[in-house]
Amino acid sequence: MIKQYRYAEISIDDIFHRTEEKTDVADAVAEILADVRKNGDEALRRYCERFDGAKLDVLEVSAEERAAAMAAVDPELIAILKEAAANIRAFHEKQKRTDFVITEKDGVVLGQKIIPLDRAGIYVPGGTACYPSTVLMDTIPAKIAGVREIIMTTPAKGGKINPVILVAAEIAGVDRIFKIGGAQAVGALAYGTESVPRVDKIVGPGNAFVAEAKKQVFGRVSIDMIAGPSEILILGDDTCDAEIVAADMLSQAEHDTMASAVLVTDSTRLADAVSAELERQIPLLPRAEIARESIDNCSKIILAESMTQAVDIANEIAPEHLEVCVDNPFAYLAQIRHAGSIFLGKHAPEALGDYFAGPNHTLPTSGTARFSSPLSVDDFIKKSSFTYYTQQALEQVGEKIVRFAEEEGLQAHGKSVSVRLEKGGKL
C-alpha cells in the first residue's frame, strides 16, 4: 500500500528514496574495466559468454543481420518507429547552434566555432525490457549535431539482439552495432579494443554496473549523466481522475523496483482514491511484482496545503518527469523551475515523452534537474573560441595586459606581450 504524508512529515531526500547507499559494485566494475583495457576483445568474449550466454567469434552485428531484422519486424511497428523518429528529429533540429564572429573593434576578430564530436557511443539496455526508444532518443540528436560515427552496444542474450532494436538503429542512423552489454561495453567504448573503436562520449541508461562504469571512465571520455532510478511526480488537484493518475504513476513503477512515483495534491479525496486505484490496477500488470515493490517502498502521496505549495514542493524535489495534471496547466508553467521534462494538462501522459512527442526522454534524475538538462544536440558538440589581433590592436591594449600579468606574478605572460610591442612592425 502506498504511504501518504503531510509535507511537513517527510524530508525531500526521502521522497524519491535518495539515500547514499554503499554497494560492492565499484570494485567489480573496476576489475572488469581493467580486464577490457588490457585484454580487449578476448575479455569481451569471456564476459559475453559469462553474462549473456553468448559464444561470439564476431562481436559486431553484420549487415545481413541488420537486413534480416528489417524483414522480420511488423511493417506497422516500423512505420510507428519512423514517425516517432521524425518527431524526435523535428524537435531536436531546433537545438542546433551556429558559429559566430565579432568584429566590432578595429583590428580584432573574435569568434566561436561549433565542432561535432568525432565518435559517440550509444549504450542500449537489454535486460528486463526492450528499448528501441532509447536508440532513437540517443542517436538522433547525435546525427543532427553532425557526429561522424555512432557506435552502439547492447547485450545479446544467447547471441541474439531483439530485431526491433536493430530496426530502430537502422532508422536512427547508427553506423556500427556490437553485441556487448554491461560494464564491459562501457570499457570497450572508453578504451577501444581490436574490434570496438574508442569513442569521445558515452550516452544511454543502464543498470548499476553500467552507471558505475560510466562514472569510472569519465574523464577519459565524456558521458551524458549518472542516471538513477526512474521518477515521476504528478501535481493533481480535486478535478483529477484517480484512475488516470494511478495509471501514470504505474507507468514509472513498472520500470524497476527502485523506481519512484509521487503524487502531490491538495485534495484528500484524490489522495485516497488514487491509493485505492493503485491497489486495483497493480495486480492487472504483467510486471505487477516490480510495480508492487516500487509503489510500496519507493513511492508516496504527499498532501499539500494548496496547489501553490504543491508547485513549491515539485521545485524542491526537481523530478525527472513532472506531470501537471490540472485543467489550467499553463498557469503553473512559469512557476516551475526544476524538472527534467514537463507534461502539461490531463491529456499529456509521461509515455508521450518516452516514445513519440519529440522531446528527449534521457533526463536528469535524483534531483539533478536543479542544475542539468535533458540529453540534446548540445551533448554531441564542443565549442572552440578563436582570437585575432592586428599589430595596432595589440599595441592599444598591450601595456594593460602586461600590468595584469605582473599583478598575478606571471612575468613570462607579460613578456610574451611586451616583446611584441618592442618589435613593433618588424614581425
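These numbers were taken from a predicted model, which means no experiment stands behind them.

Asks: Please explain the side chain of Asp248 as it appears in this structure.
Replies: Position of Asp248 among the secondary structure elements: in helix 10 (residues 242-253). Notably, Asp248 is buried but unbridged: the nearest opposite-charge side chain belongs to Lys346, and the N-O separation is 11 Å. With near-sequence residues (within four places) excluded, Asp248 lies in contact with Ile232, Ile234, Glu323 and Pro349.

Asks: Before we go on, may I ask you to explain the environment of Ile140 in this structure?
Replies: For Ile140, the location among the structural elements is in helix 6 (residues 132-145). Through-space distance from the C-alpha of Ile140 to that of Ile80 is 16 Å; in sequence the pair is 60 residues apart. Those residues in contact with Ile140, other than ones at most four positions away along the chain, are Ala85, Ile88, Arg89 and Ala172.

Asks: Just checking my understanding: could you explain helix 5 (residues 75-93) for this structure?
Replies: The terminal C-alpha atoms of helix 5, which comprises 19 residues, lie 26 Å apart, in line with the 27 Å expected from a rise of 1.5 Å per residue. For helix 5, the set of buried residues is Ile78, Leu81, Ala84, Ala85, Ile88 and His92. For helix 5, the angular spread of buried residues about the axis comes to 125°, placing them on one side. Turned more than 90 degrees away from the buried face of helix 5, the exposed residues are Pro75 and Glu76. Looking at the packing, one finds that the buried side of helix 5 touches helix 4 (63-72), helix 6, helix 7 (163-172) and helix 15 (350-355). The residue sitting at the N-terminus of helix 5 and contributing the capping side-chain oxygen is Asp74; that oxygen lies 3.0 Å from the backbone nitrogen of Glu76.

Asks: Even after reading the chapter, I still don't get the sheet that holds strand 11 (residues 300-303), so can you show me in this structure?
Replies: Within a beta sheet, neighbouring strands are joined by backbone hydrogen bonds and run either parallel or antiparallel to one another. Pairing within the open sheet is parallel, and its six strands lie in the order 1-11-10-9-12-13. In the strand order of this sheet, the two ends are held by strand 1 (3-6) and strand 13 (341-344), each with one partner. Taking the axes of each pair of neighbouring strands and ignoring which way they run, one obtains an average angle of 20° across the sheet. Relative to strand 10 (residues 260-265), strand 9 (residues 231-236) runs parallel, the two being bridged by six bridges. Among the inter-strand pairings, Leu235 is bridged to a residue of strand 10, identified as Val264. Together, strand 9, strand 10, strand 11 and strand 12 (321-325) form the strand contacts of helix 10, whose direction differs from that of strand 9 by roughly 165°. Contacts between helix 12 (residues 288-298) and the sheet are confined to strand 1, strand 10 and strand 11, with strand 10 contributing the most and set at about 50° to the helix.

Reading the values: the criteria
Residues numbered from 1 in each chain as written. Predicted model: local features only at pLDDT ≥ 70, side-chain atom pairs only at ≥ 80, totals over all residues. Heavy atoms only, no water. Helix = DSSP H or I, 4+ residues; strand = E, 2+ residues; numbered from the N terminus. Buried < 20%, exposed > 50% of the residue type's maximum accessible area, 1.4 Å probe, protein only. Lys, Arg positive; Asp, Glu negative; His and termini not counted. Salt bridge = Lys/Arg side-chain N within 4 Å of Asp/Glu carboxyl O. Contact = heavy atoms within 4.5 Å. Expected span 1.5 Å × (residues − 1). Arc of directions from axis to C-beta. Polar contact = N/O pair within 3.5 Å; in protein donor to acceptor, adjacent residues only side chain to side chain. Pairing = 2+ DSSP bridges. Axes fitted to C-alpha atoms, helices over the stretch in contact; angles between N-to-C directions.

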